[in-house]
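Listed below are the residues making up each chain.
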Amino acid sequence: MSDKHSLLRQIPKVDELLFHPEVSSYSPGALLTATVRQVLDNLRNDIEQGAIETMPSCDSIAREISLQFSQNFEPNLRRVINGTGIILHTNIGRAPLAKEALEAITETARDYSNLEYDISIGKRSSRHVHVEDLLTQLTGAEAAMVVNNNAAAVLLALAAVAHHKDVIVSRGELVEIGGSFRIPDVMSQSGCRLVEVGTTNKTHIADYEKALLNTKNHYSIDPVDNFTGALLRVHTSNFIISGFTTKPALTELAEIARKYSVPLIEDLGSGCMIPISGQPTVADSIKAGVDIVTFSGDKLLGGPQAGIIVGKQEYIAKMKSHPLARALRMDKLCIAALEATLRLYLNPETAVEKIPTLKMLSMESATLHKKAKKLVKVLGKDQAYVIEEASQAGGGAMPGENMATAAVAIKTKISAHALERHFRSGPVAIIGRISRDIFLLDVRTLAEEDFPLIAARLKEVDSI
Ligand SMILES: *Cc1c(COP(=O)(O)O)cnc(C)c1O
């Protein structure tokens, strides 16, 4: 007992530690004092529990305070190095932005802006105007608006044009996109009734027509209630149905939608502005006669998180004035980044160079090999070598399409799993993958500036 008492008496005073060089370098304040108190409280507890028999030095207590203080202030959301080769990885933030988009964010965040203010007349305006002209110009649509993300865009489109009505969807398109975005659930949340047609692998235009005739003829109490509100086409973003399959072309769907005077909505998922690896563009959908197209801003477009809606003026107007529009509206920083990204598309040739997503997607095999060889050189040939691999776009874009890529395989004295954990530790996590028991870093998504950091992390393995 007396030992504990004498130890407790030796605990340094708060002030004494605040003046210790290790602690005094931090800016003084309530948070620093609270951290000192916390560390001393823990020490007192340890002594009382008998977990400590000799008093730690003042220096080591100060080091503990410094460690705790800096940990408390290290941001939780931080940068990671993407060595997965997956360009649009939802878990690590999808599309990295172009320099122009970053500058637009900084500018808009730092100052006031004309977000909803028309400078020429000195009156209130709409936040959609900053991107609407760009979007109509790039897609050929009559009108456009933006919301928080594509899930919100689909919800708003359905709620605004097909509330209390039937929405016809092929059974092959009742998709679930990561998390909880499931077409049947979005449908019920937007107050529409889902009418499934066709089968998983085959849906014909006649299936849609049968449903259109059925709902129109089944007048019950309120005839309006039984009308079809829309035809919905959903891009099967994260899976492929192959083999014995059929689905009507967009032009056929558009034709039948016109025949029965119902809008055709297309959830395009990852909207391409310019043709990439044979992916249909948003402009293709508009040209085919789709009335409302929705897509994400942070998938193949390579911009910020956004839900973009383009299409016929009459429908877009309904969506803009719908009460949900306010709840789903996009924030000003994302609008700034989206406008800057869309502006880059005005010049398609330089867009591929300037938009990181497009640049990574279009990297040629030879370039990737060269990059991989550079990384091997930095890491050391005894531990690393180049291998041929396949990578995917990710983020629900181009499912089932593998792109040939070059990866660097790393072998050390520790197992692939231990190595993967080690690369993930540290202030900047380096994320790779394990294939056939070997740890890999795909160079497609790596920046050369990060090679020295990767080498330093690998070097630490020697001292494990
Ligand atoms: C990704 C995707 C969504 C969801 O888009 P978010 O922008 O992530 O909300 C919806 N539908 C399809 C077909 C998608 O691919």
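The preceding data block contains the structure.
Below is a summary of the structure that appears in this document. As the structure is a computational prediction, the values presented were derived from the model and not from experiment. (Residues numbered from 1 in each chain as written. Predicted model: local features only at pLDDT ≥ 70, side-chain atom pairs only at ≥ 80, totals over all residues. Heavy atoms only, no water.)

## Things to note about the environment of Leu213
And then number 1: Residue position: Leu213 is located in helix H10 (residues 205–217).
And then number 2: Accessibility expressed as a relative area gives 39% for Leu213, which makes it partly exposed.
And then number 3: Separated by 126 residues in the primary sequence, Leu213 and Ile87 place their C-alpha atoms 44 Å from one another. (Helix = DSSP H or I, 4+ residues; strand = E, 2+ residues; numbered from the N terminus. Buried < 20%, exposed > 50% of the residue type's maximum accessible area, 1.4 Å probe, protein only.)

## Thoughts on the nonpolar core
And then number 1: Within the largest apolar cluster, 58 residues are counted, with the highest numbers of intra-cluster contacts made by Leu231 and Val310.
And then number 2: Excluding residues that lie within four positions of it along the chain, Leu231 makes contacts with Ile168, Tyr208, Leu212, Leu253, Ile256, Ala257, Val262, Pro263, Leu264 and Ile265.
And then number 3: In this structure, Val147, Leu156, Val186 and Val234 belong to the second largest nonpolar core, which totals 33 residues. (Core = buried A, V, L, I, M, F, W, Y, C linked by side-chain atoms within 4.5 Å. Contact = heavy atoms within 4.5 Å.)

## As for the site of the ligand
And then number 1: Surveying the vicinity of the ligand reveals the residues Arg94, Asn149, Asn150, Ala151, Ile177, Phe181, His235, Ser237, Asp267, Gly269, Ser296 and Lys299.
And then number 2: Within the side chain of Arg94, one N or O atom sits 2.9 Å away from an oxygen atom of the ligand.
And then number 3: At a separation of 2.4 Å, an oxygen atom of the ligand approaches a polar side-chain atom of Ser237.
And then number 4: Coverage of the ligand by the protein chains reaches 94% of its 380 Å² of free accessible surface. (Near = heavy atom within 4 Å. Polar contact = N/O pair within 3.5 Å; in protein donor to acceptor, adjacent residues only side chain to side chain. Areas by Shrake-Rupley, 256 points an atom, 1.4 Å probe, with all protein chains shown as cover.)

## With respect to helix H15 (residues 332–344)
And then number 1: The first and last C-alpha atoms of H15 sit 19 Å apart over 13 residues, in line with the 18 Å expected at 1.5 Å per residue.
And then number 2: Those residues of H15 that fall on the buried side of the exposure criterion are Cys334, Ile335, Ala336, Ala337, Leu338, Ala340, Thr341, Leu342 and Leu344.
And then number 3: Tucked inside the fold, the buried residues of H15 contact helix H6 (99–110), helix H7 (129–139), strand E4 (143–147), strand E12 (307–311) and helix H16 (348–354).
And then number 4: Sitting at the amino-terminal end of H15 is Asp331, which places a side-chain oxygen 3.1 Å from the backbone nitrogen of Leu333. (Expected span 1.5 Å × (residues − 1).)

## Thoughts on the sheet that holds strand E16 (residues 433–435)
And then number 1: Spatial ordering of the open sheet is given by E13-E14-E17-E16, a layout of four strands whose pairing is antiparallel. Strands at the two margins of the open sheet, each flanked by one partner only, are strand E13 (384–391) and E16. Across the sheet, the axes of successive neighbouring strands diverge by a mean angle of 45°, strand direction being ignored.
And then number 2: As paired elements, E13 and strand E14 (residues 403–410) share eight bridges and run antiparallel to each other. Considered in E14, the bridge of Ala384 is made with Ile410.
And then number 3: Packed on one face of the sheet, helix H18 (residues 365–379) meets E13 and E14 and runs near 5° to E14. (Pairing = 2+ DSSP bridges. Axes fitted to C-alpha atoms, helices over the stretch in contact; angles between N-to-C directions.)

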